[in-house]
Amino acid sequence: MKKVITAKEAAQLIKDDSTLMVGGFLSCGAPEKVLKAIAEEDIKGITLICNDTSTPNKDKGLLIQKDKLVKKVITTHIGTNPISGQKMQSGELEVEFYPMGTLVEKIHAKGSGLGGVLTPTGVGTILEEGKKIVEIKGKKYIFEEPLGADVAVIYGTTVDKYGNVKYHGTSRNFNTSMATAAETVIVEAENFVDEIHPDEVVIPSIFIDYIVKREEC
């Protein structure tokens with residue numbers, strides 16, 4: 001059985017200056033309770049890897065708006081959260097942008113033990129600045145390195161006591177990839193059950209270290 005912990009205990013696993021991956025597309029599939037607990041801790045200087053910075057006062061937005069909690073965000077867009085833009089313009093927040101497909105493939109590469117990925121997306125634009133360009137059969141590709149994290153905090157629609165995870169609809173989004181690419185993985189379970197049928201498992205228990213029951217947060 002995986003170790004079941006509280007949201008506060010999960011937040012205390014996040015250390016200053018560490019790298020944190022967070023699942024979710026805006027608030028869909030975001031581990032809301034754990035993120036709230038992280039925002040309440042005295043944590044500083046983390047690098048946040050996420051699809052977006054959500055909106056103010058919600059999930060990932062709670063981390064962005066807290067002073068000095070996040071020093072850098074690696075993401076695909078910040079347009080839904082004006083606080084992210086304000087902090088970027090003032091120099092309080094470093095923002096590293098990637099196309100969505102590129103970001104998820106960098107995470108896939110880490111989770112799969114690959115040395116990186118080649119993508120044609122961004123060739124000839126500012127996205128290739130400082131990157132290695134590889135030419136194959138006359139076509140140019142940007143070489144992107146794998147992207148991992150110290151801790152990943154993800155969401156699961158249903159999680160069993162062993163740590164197996166299943167999803168409803170699009171809530172799986174970035175969660176499935178991030179589960180493979182971090183040293184420690186915490187899943188926030190919307191529903192906690194004794195066992196999930198093997199045919200319904202999306203993330204096997206081997207990838208999960210800790211479980212937080214959402215209803216007990």
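Basis of the calculations
- Residues numbered from 1 in each chain as written.
- Predicted model: local features only at pLDDT ≥ 70, side-chain atom pairs only at ≥ 80, totals over all residues.
- Heavy atoms only, no water.
- Helix = DSSP H or I, 4+ residues; strand = E, 2+ residues; numbered from the N terminus.
- Rg over C-alpha atoms; globule rule 2.2 N^0.38 Å.
- Buried < 20%, exposed > 50% of the residue type's maximum accessible area, 1.4 Å probe, protein only.
- Contact = heavy atoms within 4.5 Å.
- Areas by Shrake-Rupley, 256 points an atom, 1.4 Å probe, with all protein chains shown as cover.
- Lys, Arg positive; Asp, Glu negative; His and termini not counted.
- Charge placed at Lys NZ, Arg CZ, Asp CG, Glu CD.
- Phe/Tyr/Trp six-rings, centres within 6.5 Å; stacked < 30°, edge-to-face > 60°.
- Pairing = 2+ DSSP bridges.
- Axes fitted to C-alpha atoms, helices over the stretch in contact; angles between N-to-C directions.
- Expected span 1.5 Å × (residues − 1).

Caption draft 1: View of the overall build of the protein. Within the protein, the secondary structure is distributed over six helices and 12 strands. For 217 residues, the compact-globule formula gives about 17 Å, and the C-alpha radius of gyration of the protein, at 17 Å, lands near that figure. Here the protein holds 217 residues, and 46% of them are scored as buried. The long-range share in the protein, meaning contacts at least 24 apart out of those at least 6 apart in sequence, stands at 72%. Accessible surface for the protein amounts to roughly 10,300 Å². Of this, 49% is attributable to carbon and sulfur atoms. Of note, the protein has its 26 positive side-chain charges centred 2 Å away from the centre of its 31 negative side-chain charges.

Caption draft 2: Local environment of the packing of aromatic side chains. The tally for this structure, following the rule as stated, stands at one aromatic pair. Note on Tyr155 and Tyr167: the rings are 6.3 Å apart at their centroids and 50 degrees apart in plane angle, and the pair reads as tilted. On the criterion of sequence distance, the pair formed by Tyr155 in strand β9 (residues 149-160) and Tyr167 in the loop between β10 (165-166) and α6 (175-178) is long-range, its members being 12 residues apart. Owing to a relative accessible area of 5%, Tyr155 belongs among the buried residues under this scheme. For Tyr167, a relative accessible area of 11% puts it in the buried group.

Caption draft 3: Up close: the sheet that holds strand β7 (residues 133-136). Spatially, three strands are ordered β6-β8-β7 in an open sheet, and the strand pairing comes out antiparallel. One side of each edge strand has no neighbouring strand; the edge strands of this open sheet are β6 (117-119) and β7. Taken over all neighbouring pairs, the strand axes of this sheet differ in orientation by 40 degrees on average, direction set aside. Bridge analysis of β7 against strand β8 (residues 139-144) gives four bridges, and the strand direction is antiparallel. When the sheet's bridge partners are listed, Ile133 is paired in β8 with Ile142.

Caption draft 4: Layout of the environment of Val134. With respect to the secondary-structure elements, Val134 resides in strand β7. A relative accessible area of 23% places Val134 in the partly exposed class. The spatial distance from the C-alpha of Val134 to the C-alpha of Val95 is 25 Å, given a sequence separation of 39 residues. Apart from the residues within four sequence positions on either side, Val134 is in contact with Leu118, Lys139, Lys140, Tyr141 and Phe143.

Caption draft 5: Just helix α5 (residues 100-112), in detail. Here α5 spans 18 Å end to end across 13 residues, near enough to the 18 Å set by a 1.5 Å rise per residue. Among the residues making up α5, those that are buried are Thr102, Leu103, Val104, Lys106, Ile107 and Ala109. Looking at the buried positions of α5, the neighbouring elements they touch are β2 (19-22), β3 (46-49), β4 (70-75), β6, β8 and α6. Within two residues after α5, Gly113 carries a phi angle of roughly 75 degrees, on the positive side.

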